[in-house]
Amino acid sequence: MSAWPWHDAGRWAALLRGDECPLCQTPAAEAHVCDLAFSRVIAPERACLAGYVCLIARRHVVEWRDLSADDGAALMSEIRRVSAAVADLTSATKMNILSLGNVVPHLHTHICPRRPNDRFEGRALDPGDVDRVYTDDTHTVFVAALRQRLAAASSWRRR
Ligand SMILES: [Zn+2]
């Protein structure tokens, strides 16, 4: 049986409803960066690239078209904030931002900092192709710096 969930209509329907949705679960503490108004921000240690971040809708929603105009604007604003912080922290050459949901149909956005000679140079990035991309304590340092950057942006915005 294929791991691609579209081939099992019952399983796909359950995922669309949010039954046993893996993104509705609490993330591992070491991957959790912070919660924003619309999104939960995670940065898993095993990832497609160092500096990879995912914004996950804090409620089960499948498609962009399912969002109200206000929620859509909030999500776009959070994607802009987080991608700017990641770009600064990683000195990325180019930011790749993907919203797919083909395997887990819960709205989430992959934010991927690209650099020369990265694992995907010359081909499309696959956020599901994960590996050990951090050495020593670099993941812990990245998560702490991103958390601090996003907290500073939040307090600035409240003024
Ligand atoms: Zn979900």
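Residues numbered from 1 in each chain as written. Predicted model: local features only at pLDDT ≥ 70, side-chain atom pairs only at ≥ 80, totals over all residues.

## Some thoughts on the nonpolar core
Ranked by internal contacts, the top residues of the largest apolar core, which has 20 residues, are Ala43, Tyr52, Val53, Val82 and Leu146. Counting residues per element, the ones that place at least two in this core are β2 (39-42), β4 (53-57), α2 (69-90), β6 (108-114) and α3 (138-158). Once residues within four sequence positions are removed from consideration, Val82 is found in contact with Val41, Val53, Leu55, Ile111 and Leu150. (Core = buried A, V, L, I, M, F, W, Y, C linked by C-beta atoms within 7 Å. Buried ≥ 20, exposed ≤ 12 C-beta atoms within 10 Å, placed from the backbone. Helix = DSSP H or I, 4+ residues; strand = E, 2+ residues; numbered from the N terminus. Contact = placed C-beta atoms within 7 Å.)

## Examining the pairing of strand β1 (residues 32-35)
Looking at chain direction, β1 and β2 are connected through 3 bridges and run antiparallel. Among the inter-strand pairings, Cys34 is bridged to a residue of β2, identified as Val41. Following β1, the chain reverses through 3 residues before pairing antiparallel with β2. (Pairing = 2+ DSSP bridges.)

## A closer look at the confidence of the model for the protein
Any region with low pLDDT has predicted coordinates that should not be read closely. Across the protein, the average pLDDT comes to 93, with 94% of residues at 70 or higher. Here α3 stands out as the least confident element of the protein, with mean pLDDT 84; β6 is the most confident, with 98. (pLDDT = per-residue confidence, 0-100.)

## Notes on the environment of Ala57
If you trace the backbone, Ala57 turns up in strand β4. Residue classification places Ala57 among the buried residues on the basis of 20 C-beta atoms within 10 Å. Ala57 sits 17 residues away from Arg40 along the chain, and the two C-alpha atoms are 6.3 Å apart.

## Some thoughts on the sheet that holds β4
Taken together, the 5 strands give an open sheet; going across it, the order is β1-β2-β4-β6-β5, and neighbouring strands pair in antiparallel fashion. Both outer strands of the open sheet, β1 and β5 (94-98), are each paired with one neighbouring strand and no more. Recorded for the sheet is a direction-independent mean angle of 20° between the axes of neighbouring strands. Set on the sheet, α2 makes contact with β2, β4, β5 and β6; between it and β6 the angle comes to about 25°. (Axes fitted to C-alpha atoms, helices over the stretch in contact; angles between N-to-C directions.)

## Remarks on the environment of Thr135
Looking at the secondary structure, you find Thr135 in the loop between β7 (131-132) and α3. Residues Thr135 and Ala50 lie 85 residues apart in sequence; the distance between their C-alpha atoms is 9.5 Å.

## Digging into α2
Between its terminal C-alpha atoms α2 stretches 31 Å, which fits the 32 Å expected from 22 residues at 1.5 Å a residue. Backbone geometry just after α2 places Ser91 at a positive phi near 55°. (Expected span 1.5 Å × (residues − 1).)

## Describing unusual backbone geometry
Of note, the phi angle at Ser91 is positive, near 55°, even though the residue is not glycine. Inspection of the secondary structure puts Ser91 in the loop between α2 and β5. Despite not being glycine, Asn117 shows a phi value in the positive range, around 65°.

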